[in-house]
Number of protein chains: 2
Amino acid sequence: MSRTIAALATAPGIAGLNVVRISGEKAISIADKCFVGKTKLAEAKTHTIHYGNFKNGDTLIDTVTASTFLAPNSYTGEDTIEFGCHGGNIVAGQIVDALLAAGAVMPEPGEFTRTAFLNGKLDLTQVEAVADIIHSTSVAGALTSARQLIGEFTQRLKELRHGLIRTAGLLELELDFSEEDIELIDNSEVRARLVESQKYCNNLAEKFRASEVLRSGFIVAVAGFPNSGKSTLFNKLLQKNRAIVSEIEGTTRDYIEEDILLGDIKVRLIDTAGLRETEDIIEIAGIKLVESVLEQSNLVLVLNDASKGFNQSDELFITLKEKYPNSEFMLVQNKSDLLDKTADGVFVSAKTGEGTEKITDKIKTASKSSIDRLNDVLINKRHADLLRRTSLEIQRGIDAIDANMQNEIIAIDIRNATNTLGEITGDQWNEEVLAEIFSGFCIGK
Amino acid sequence: MSRTIAALATAPGIAGLNVVRISGEKAISIADKCFVGKTKLAEAKTHTIHYGNFKNGDTLIDTVTASTFLAPNSYTGEDTIEFGCHGGNIVAGQIVDALLAAGAVMPEPGEFTRTAFLNGKLDLTQVEAVADIIHSTSVAGALTSARQLIGEFTQRLKELRHGLIRTAGLLELELDFSEEDIELIDNSEVRARLVESQKYCNNLAEKFRASEVLRSGFIVAVAGFPNSGKSTLFNKLLQKNRAIVSEIEGTTRDYIEEDILLGDIKVRLIDTAGLRETEDIIEIAGIKLVESVLEQSNLVLVLNDASKGFNQSDELFITLKEKYPNSEFMLVQNKSDLLDKTADGVFVSAKTGEGTEKITDKIKTASKSSIDRLNDVLINKRHADLLRRTSLEIQRGIDAIDANMQNEIIAIDIRNATNTLGEITGDQWNEEVLAEIFSGFCIGK
C-alpha cells in the first residue's frame, strides 16, 4: 500500500514561516495541482527551490516556495515537496486541506519518519534520536542525540553484532568439519570474545540512568522519617515555599516535584512522604509512591533529625542504600543548628539554610559526573532492556562453554544474542515495537 | 550600514521541523563557517538545497538542509540561507547562537521584512499583508491578505496615483505655454477625473470597517436601558451563562465580550452596561465604555423592555442611530412573551429564547454582507486615514477648479493628494511610519 501523506511540519503559532510537507508516490503530481510557478514541479530537478502561487482551485491561498526532494534523496526516501508558506494559524491549514482534497491523506503520528525507517533511510536508534532531539530539554541532551543521529551508535552496535555473528559462524562451520576434527576457533578464544561483548553491553546498559538525566533531568529525592524537615529542606533548595510545612507528621502525602536549573543541568527535586518504622525492621511498604520515586532517583538525600540523635536514621540510610544500589545517597543531619557537629553526614539547618550549599554542591557534582560518564549515546529504556537481555544470552553462551557443551548449543546462544542486538537498530523488528516507538511522534514528523 | 541578521523563522515548539534564516552581505560566508556539506555554500547555485552537518566549532549541532537564495532573488533581496533543522526547543536555538557567534546579529522585530521593503521587494501594503496573513484568525481574512500580497491593491493605487500625477503634469505644462494660451486639458475634464479619483478613495476607505470584520470579527453590541434583559439575551445568544444576570439595575458594569463562530465568521458579542436617561434628553455621557463599544460595533441590538411599553426605547434607538451612522441597528422587543406582538422591531423573549433565532439570522446576514462588500483588499486604519486625507486634498482641488483658481493652485492640491497616496504603498515614507508598521512583527520575519 502506497500512501501520499501531507501535514504541517513546523510548530503552529505566530511566526514568519510555516512548512507543509507532502511525501509519497503522488507527491509531485498532487503538488502540481496546487502550485503555480514558472516551472512545473514534475519538470524540476531534485533539491531545487521554486517560487509561485499556491492555489486551491481558483482561490489563491498564499505565495510560497516549493522545495523538491526526489526519491530516494529525501527524508522519507520517497518523492517529497516542502511548501514554505507564511506563518500563523490559517494559511498552512488551508494548504494542507488543499493537498488532502487533491489526493493526499493525513499521516499517522510519526508516519514520515516511519516511512524513512521502512525505506532504510534511518535505523531505529536514529529514529529514536530524532524524537529525542525534538523533545530534548537540555543542550547536552540535544547534542548527544544529534551525534546519535549521524549513526555512530548504530555503527558500533553493528560491529559488535557482526563480531558475534562471525564467532557463531565459526562454531557452526566446525560442525561441518566435525569428522575431520578441525578446530577453527579455540573455545577459550570464543569465551574471551563473549566476555568482552558482554562487558560492552553491560557498559552501555548502565548508561541508561545517565541518559535519563539528559532526557528528564537529574532526580534528587528528599527522604527520611516523618517530621525530619524534608519539606523545609525542599523549599529551601527550591528557594520558594512550594511544599506545605507543618510539625504534624505526614503533612506531605503525595510526593511533590519541582524542576530547578543547576549549572546546565535540569534537576528534578522530589519531596517524599515520611517513611514509617515498624517494630523490628525498617519498612517502607505501603508507601509505594516513595518506593517508585527512590527507584528512579539519581541521588537520595536521607534526612536525619539530629535533634533527636545523630544515629536515628543510620539503619534507614543503610537499608535504603542496599535496596536502591543504582542511586547515590547522602546522609543529611538536619536541625544541626541545635547541636555540636561531630557525627557522620552533612550538617545543615533546613530552617535557616545553613549548610545547604553543601547539598547544592553535591547535586551539581553528582549530576555533572553522571553526564560525563556518557560519551555519545543516549540509552533509552528499550535499548537498556535489550542490552540486558543480550548480556544474559551471552552469559548463557559463556555458561555453555564452561559446561563443555557442544558447539551447536553455544552457537544458538550467540545467535539469540545477535537477534536481540538486531532489535535495537531495527535489523530485526516487529509492528509492536514500531508502534511503541512512533506513538510519541507528532503528525508532521 | 549593512547587517547580517539571523533568527528562527518558524514558531517555537515541539514539531518535526524548524527553520533558521540568515540574511545579509555575509550570510553565505557566516553560514559556511558552520555548515559542512559536500558543497561549500559559497559555490552553490541559488535556489538549491544542500544536506550536511551544522557545527559550532567541533561540536555537531544537528544534521540540516541548507537552502540558498542569492541576492537579489530572496525574500529580503540579500543573500539568504535557510537552515532546516529538527524541531523542538533546543537545536534551533543552538544554530542561531552559532550563527551569532560567527558574525551575524540578532534582528529587530520585522527586520527581514523591513529589509525586503527597503530593497524594493515588497511595498508597504504588501508588508502589511504579510503581517495580516500571519495574524489572521479567519480563512476569509487570510485569503484576502494573500491576494493583497501579490500586489493587485498596490497596482491599482499606483494607477490612481499616476493618473493624478499625469493630470497635475498637464496642468503644470500649460503654465509653460501660458503665453501661447494653449489648453492641454479642459478644466471640466480635470474636475471629472478628480471626482472619479475621490470616489475611488472614499470607496476604499469605507471598506475599513468590513476589513476589521475579517481581522477581528463582526462586532455585535447589546445596548438598552437598565434591566431591559441585555445580559439574559447575551447569555442566550452565547448559549452559556457568561454574564451575571440579576433584576438589580446596573448589574453589568464593565462590558463583557465573547467570541462565537457564526458560519465562517467570528462574531464578537458585547454586553454593555445599561444606558441612563436624564430629565429631558437621552444621554450616554458618563458611560464612556459603552460609547467606545458602540463606536466600533458593526451591529447594535437595542433592547426594549416591551413589558413597560413598546415605545419606551424609540427615542434611544433613533438617537443612537444618528450618533453612530456607521453601525447597523436593530430594535429588539424583549419580554414579548408577556404581550401582543403588534409594535415595531423584532419580538423575542431573551428568557425563553423564543424569537432569538431572528437575531442570529440578522447577525449572519449582516456579517456576511459586510464581508461581501470587500472584494480583494484589506483596508487597515493607516490606509483608511490616508485615503480620507487624499479625498480631502482632492476635494480642495475640485473646490479650486470651481472657484476658477489658477492651474498652479489646482496642481498643488493634486500633488498633495499623490504624495498622500504614495504613503500608502511606501513610495513616500518616513522612519516613524516604518517603525509603527514593523512594531507588530516577530523577530524572525
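Residues numbered from 1 in each chain as written. Chains lettered and ligands numbered in written order. Predicted model: local features only at pLDDT ≥ 70, side-chain atom pairs only at ≥ 80, totals over all residues. Heavy atoms only, no water.

Q: What's the story with the sheet that holds strand β7 (residues 218–224) of chain B in this structure? I'm lost.
A: Two orientations exist for strands paired in a sheet by backbone hydrogen bonds: parallel and antiparallel. All names here are of chain B. Strand order in the open sheet formed by 6 strands is β8-β9-β7-β10-β11-β12, with mixed pairing between adjacent strands. Either end of the sheet is taken by a strand with one partner, and the two such strands are β8 (256–262) and β12 (346–347). Where strand β10 (residues 299–305) meets strand β11 (residues 328–334), 7 bridges bridge the pair, whose relative direction is parallel. Pairing of leucine 303 across the sheet is with valine 332, part of β11. Sheet strands in contact with helix α10 (residues 314–323) are β7, β10 and β11, and its direction is about 165 degrees off that of β11. Strands in contact with helix α11 (residues 356–372) are β7, β8, β9 (265–271), β10, β11 and β12; relative to β11, the strand with the most contacts, it is inclined by about 175 degrees. (Pairing = 2+ DSSP bridges. Helix = DSSP H or I, 4+ residues; strand = E, 2+ residues; numbered from the N terminus. Contact = heavy atoms within 4.5 Å. Axes fitted to C-alpha atoms, helices over the stretch in contact; angles between N-to-C directions.)

Q: What is the right way to read the relation of the copies chain A and chain B from this model?
A: Think of it as a corkscrew move, a rotation about one axis and a shift along it, taking one chain copy to the other. Taken as rigid bodies, chain A and chain B are interconverted by a rotation of 180 degrees and an axial shift of 0.0 Å, the fit giving an RMSD of 0.2 Å. Taken together, the rotation and translation describe the operation of a two-fold axis. Scanning chain A for the C-alpha nearest the rotation axis identifies threonine 48 of chain A, at a separation of 2.3 Å. The overlap is high: 100% of the interface residues of chain A also sit at the interface in chain B, so the same surface is used on both sides. (Least-squares fit on C-alpha atoms with pLDDT ≥ 70 in both.)

Q: Teacher, can you tell me more about the environment of histidine 50 of chain B here?
A: Residue and element names in this part refer to chain B. Along the chain, histidine 50 falls in strand β4 (residues 49–56). A relative accessible area of 14% places histidine 50 in the buried class. The spatial distance from the C-alpha of histidine 50 to the C-alpha of histidine 135 is 32 Å, given a sequence separation of 85 residues. Excluding anything up to four places from it in sequence, histidine 50 contacts Phe35, Thr39, Leu41, Ala44, Val64, Thr65, Ala66 and Thr68. (Buried < 20%, exposed > 50% of the residue type's maximum accessible area, 1.4 Å probe, protein only.)

Q: Which parts of the structure should I look at to understand helix α8 (residues 230–238) of chain A?
A: For an α-helix, the turn length of 3.6 residues means that residues three or four places apart are oriented alike. All names here are of chain A. Along α8, 7 of the 9 residues are buried, which leaves the element largely enclosed by surrounding structure. Taken as a whole, α8 has its buried residues at Lys230, Ser231, Leu233, Phe234, Asn235, Leu237 and Leu238. If you follow the buried residues of α8, they end up packed against β7 (218–224), β8 (256–262), β9 (265–271), β10 (299–305) and α11 (356–372). Immediately beyond the C-terminal end of α8, within one or two residues, lies glutamine 239, with a positive phi of roughly 60 degrees.

Q: Looking at this structure, how should I read helix α1 (residues 27–34) of chain A?
A: All names here are of chain A. Burial analysis of α1 places 6 of its 8 residues in the buried class, the great majority of the element. Of the positions making up α1, those classed as buried are Ala27, Ile28, Ile30, Ala31, Asp32 and Cys34. In this fold, the buried residues of α1 make contact with β2 (17–23), β3 (35–37), β4 (49–56), β6 (80–86) and α2 (91–101).

Q: Explanation requested: the sheet that holds strand β5 (residues 59–69) of chain A in the structure shown.
A: Residue and element names in this part refer to chain A. Strand order in this open sheet of 6 strands is β1-β2-β6-β5-β4-β3, and the pairing throughout is antiparallel. Each having just a single partner strand, β1 (5–8) and β3 make up the two edges of the open sheet. Across the sheet, the mean angle separating the axes of adjacent strands is 30 degrees when strand polarity is ignored. Of the strands in this sheet, β2, β3, β4 and β6 are in contact with α1, which crosses β3 at around 70 degrees. In the packing of helix α3 (residues 111–118) onto the sheet, the strands contacted are β1 and β2, and the crossing angle to β1 comes to about 135 degrees.

Q: Just checking my understanding: could you explain the side chain of threonine 272 of chain A for this structure?
A: Residue and element names in this part refer to chain A. Within the secondary structure, threonine 272 is located in the loop between β9 and α9 (288–296). We classify threonine 272 as buried; its relative accessible area is 1%. Separated by 2.7 Å, the side chain of threonine 272 and the backbone oxygen of valine 222 make a polar contact. (Polar contact = N/O pair within 3.5 Å; in protein donor to acceptor, adjacent residues only side chain to side chain.)

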